[in-house]
Amino acid sequence: MKYLKYIPAAAFAATLVLTSCGGKKKEEEAEKPLEDQTALKEQWYKDNTEFFVFAKPEDLPTDLPWENGMDLPELGSPNAKKGGELNGGMADYPRTFRHLGPDANHSFRFYLLDLDVQFTYRHPNEEGYFPGIVNEWAIVPDERTVYLKIDPDARWSDGEPITADDVMFSFYFRQSKDNQAPFYNNFYLEQYEKVTKYDDRTFAITVAQKKPDFYKYALELTTEPEHFYQGFGPGFPQTYQWRVRPTAGAYSIDESSIKKGRSLSLNKVPNWWAADKKYFKHRYNFDRINLTVVRDPEKSFETFKKGEFDIARLNLAAYWYEKLGNDNPLVADGYIHKANFFNDIPQAGLGLWLNSTKPLLDNIDIRKGIAHASNWELVIDKFFRGMWAKENSTSTGFGELTHPTLKSREFSVEKAGEHFAKAGFKKRGPDGILVNDAGKKLSFTVSTGSKTLGDVLTILQQEARKAGLEFKIEILDSTAGWKKVQEKKHEIQLTGFSFSVTEIYPEYWQCWHGDNARNDDGSIKVQTNNYTLINDPELNEKIIRYRTSESHEEKVKLAHELEEMIHESAVYVYGVYLPSYRTGYWRWIQWPEGFHVKRSELARDFMLHWVDEDVKKETLEAMKAKKKFPAVVKDYDQYKPE
């Protein structure tokens, strides 16, 4: 199970694949020596001996059904060329290099955590897992336990071996409230029963409930470098704010490249331990990734068109059809290629999250009226030009778990008016906006962390006025937009989340359970993903039943019931999702045959691409000589759901 990734509104439609970055410290901001806090860890182990079990090698069961996943197909292309650099833009600057804790759920987290190596991976084209840090595992359903063996070659980027002690520490690190990451605290305390070390390479993870997919709670984890976190304890967010964590992955931040607020680079880890492994040898092909902050989307796109950035997202109709249409000389002359790839994954939706603790928004009729006053169909036709589809569920793309008949509320001035009237808003003021008997206007601020999607809000604003509803638009940069919603200071936020592409079951606890809305003292809980602050006891109870169910059939039934309850609450206004992703790239960036894998969300996923320096030289020389190449604009629909 992965933490749901916050997607700034910009990221759904922004032109650039490569986003966000970090900073270089001034001399006066130099890191202070770490205070050794290992005594806190040792005490935690002593206080939780039933959870942290230190067994002997001879305690390991002898009849385990070990597997290694080596029969699955390789990923990437054997034609991939190693070396070269990937150049991209960053929409904003992260507030930290940490991957958890305050301000850590930002888009640069992809480079900090998503490029790290998990224990194992669900194959993106097949059913089954292939090895990562772990090269053997045994699943024992009756025990709710997965036994795992660490690849003896596995190393952190600083050369230290990855061991079972790192795994033990990871559970302490994620359970401790010193990390100031409430989701991690809850998840690692509630979802696991124990972790057992047998020797330096061998360990076992036992989950708390026998869920149908219990094994993924062990197989899809990452681990932490214990030696790096010797100073972990109170004050962790500040102590580790800008420290560069060793990684098990292919790329590490080049600290000498950091220019605060401007740029940084990641280098391929020298002698990376997984470079020649079956499922990694055709991936992570670049020697260096260079990221430059360009906050304005239009300037970023122009930088891409100049060839200074290699890849661009083209998910907005304006970019796909107009700013880089097929008749654009860069496309028509074959310098920039375009790909429209249909994936088969849980889909990330973009909608309106209503803060139900704010005045008026705590009234269900106001919320239902807002839903009916939001004309997403016009947004799809006018702004997205039919490329995007209408959401009817918070769990689109989960097969039978997606509700089969539920429909989002249609745009209807009449129905919106009926609900507003029930809430006391029956008369219009001189500006056409409804007011109640106390003279209060029906007006809300709608925030977004994307300049690119400003026109979406303009369409919604204009249409809402027809129903007597005023949307005041607030456009922030992506970091400020994310911070506002994490601190629950928004009224209405245009944003969304993405699921892990390998997710089997929808996740409801993070966004919809009351534990993520209120603290024990009743105050609002910040730094969680419950952006609507919904706290419905019946919904809470059903989410726990869903979360702990051992039956696939029951989970399907409960998922449908949960979707109905979320729909009825009207705290979320269903928006749109993109059934494919569209990418522009210079012809020197190469891809495997078929472009990508079935379960991919963005072109950068799995790092399958590479740069051909010979083709780059040829292209740049051809542009000077005005030599043309065949245009390449392709639809890849081999995985398009029927």
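An account of the accompanying structure is given in this report. Please read all numbers here as calculations on a predicted model, not as lab measurements.

### Structural notes on the nonpolar core
Counting residues in hydrophobic clusters, the biggest one holds 176 residues, and the most contacted among them are Phe 171, Tyr 192, Ile 205, Ile 370, Phe 420 and Trp 512. When residues of this core are assigned to their parent elements, the largest contribution, 7 residues, is made by helix H4 (residues 164-175). Those residues in contact with Phe 171 that sit more than four places away from it in its chain are Phe 51, Phe 52, Tyr 188, Tyr 192, Val 195, Ile 205 and Leu 221. Within the second largest apolar cluster, 7 residues are counted, among which are Leu 60, Val 140, Tyr 147 and Ala 204.

### Some remarks on the pattern of salt bridges
Per the counting criterion, the structure on display carries 36 salt bridges. Here Lys 368 and Glu 568 are joined by a salt bridge, their closest N and O atoms 2.7 Å apart. Placement of the pair is Lys 368 in helix H11 (residues 364-372) and Glu 568 in helix H18 (residues 552-569), with a sequence separation of 200 residues. On the basis of relative accessible area, Lys 368 is assigned to the buried category, the value being 13%. Here Glu 618 and Arg 587 are joined by a salt bridge, their closest N and O atoms 3.1 Å apart. With Glu 618 in helix H19 (residues 613-625) and Arg 587 in the loop between strand S24 (580-586) and strand S25 (589-590), this residue pair connects regions lying 31 residues apart in the sequence.

### Examining the side chain of Asn 185
Residue position: Asn 185 is located in helix H5 (residues 182-190). Only 3.1 Å separates the side chain of Asn 185 from the side chain of Asn 179, close enough to count as a polar contact. What Asn 185 contacts, discounting residues up to four positions off in sequence, is Arg 174, Gln 175, Ser 176, Lys 177 and Asn 179.

### Comments concerning the sheet that holds strand S9 (residues 192-197)
Note: strands within a sheet are paired through backbone hydrogen bonds, in either parallel or antiparallel orientation. One open sheet holds the 6 strands; their spatial order is S2-S9-S10-S8-S7-S3, and the pairing between them is mixed. In this open sheet, the two strands that pair with only one neighbour each are strand S2 (52-54) and strand S3 (66-67). Both S3 and strand S7 (residues 134-140) contribute to a ladder of 2 bridges, which runs antiparallel. In the sheet register, Glu 67 faces S7, and the bridge partner there is Trp 137.

### Examining the packing of helix H17 (residues 537-548) against H18
Between two packed helices, both the angle of their axes relative to each other and the distance between the axes serve to describe the pair. Where H17 contacts H18, the axes come no closer than 9 Å and their chain directions differ by 155°. What the angle tells us is that H17 and H18 run roughly antiparallel. When the axes of H17 and H18 are compared, the crossing they make is left-handed. Only Glu 554, Lys 555, Leu 558, Ala 559, Glu 561, Leu 562, Met 565 and Ile 566 of H18 make contact with H17, whose side of the interface consists of Glu 538, Leu 539, Lys 542, Ile 543, Arg 545, Tyr 546 and Arg 547. Tallied by class, the residues present in the contact of H17 with H18 amount to 8 nonpolar, no polar and 7 charged.

Rules and cut-offs
- Position labels on residues start from 1 in each chain and follow its written sequence.
- Where local features are concerned, this predicted model is filtered to residues with pLDDT of at least 70; where side-chain atom pairs are given and counted, the filter is 80 or more; whole-chain, interface and lining totals use all residues.
- Computation of side-chain values covers all heavy atoms of the structure but excludes hydrogens and water.
- Remark: nonpolar core denotes a set of buried residues (Ala, Val, Leu, Ile, Met, Phe, Trp, Tyr, Cys) joined through side-chain atoms within 4.5 Å.
- Working definition: with a 1.4 Å probe on protein chains only, accessible area under 20% of the residue-type maximum means buried, over 50% means exposed, and in between means partly exposed.
- Numbering of helices and strands runs from the N terminus; a helix is a DSSP stretch of H or I covering at least four residues, while a strand is a stretch of E covering at least two.
- Any two residues having at least one pair of non-hydrogen atoms within 4.5 Å are treated as being in contact.
- We count a salt bridge whenever a side-chain nitrogen from Lys or Arg sits within 4 Å of a carboxyl oxygen from Asp or Glu.
- Polar contact criterion, stated in full: a pair of N or O atoms within 3.5 Å, where within protein one must be able to donate a hydrogen and the other to accept it, and residues adjacent in sequence count only if both atoms are side-chain atoms.
- Two strands are counted as paired when DSSP detects at least two bridges linking them.
- Every axis in this analysis is a line fitted to C-alpha atoms, fitted for helices over the stretch in contact. Angles between the N-to-C directions lie between 0 and 180 degrees.
- Roughly parallel means an angle under 35 degrees; roughly antiparallel means over 145; roughly perpendicular covers 65 to 115; every other angle is labelled oblique.
- Working rule for handedness: look at the near helix, and if it is turned counterclockwise from the far one by less than a right angle, call the crossing left-handed; if clockwise, right-handed.
- Charged residues are taken to be Asp, Glu, Lys and Arg, nonpolar residues to be Ala, Val, Leu, Ile, Met, Phe, Trp, Tyr, Cys and Pro, and polar residues to be all remaining types, Gly included.

In short, shape yes, function no, at least from these values alone.
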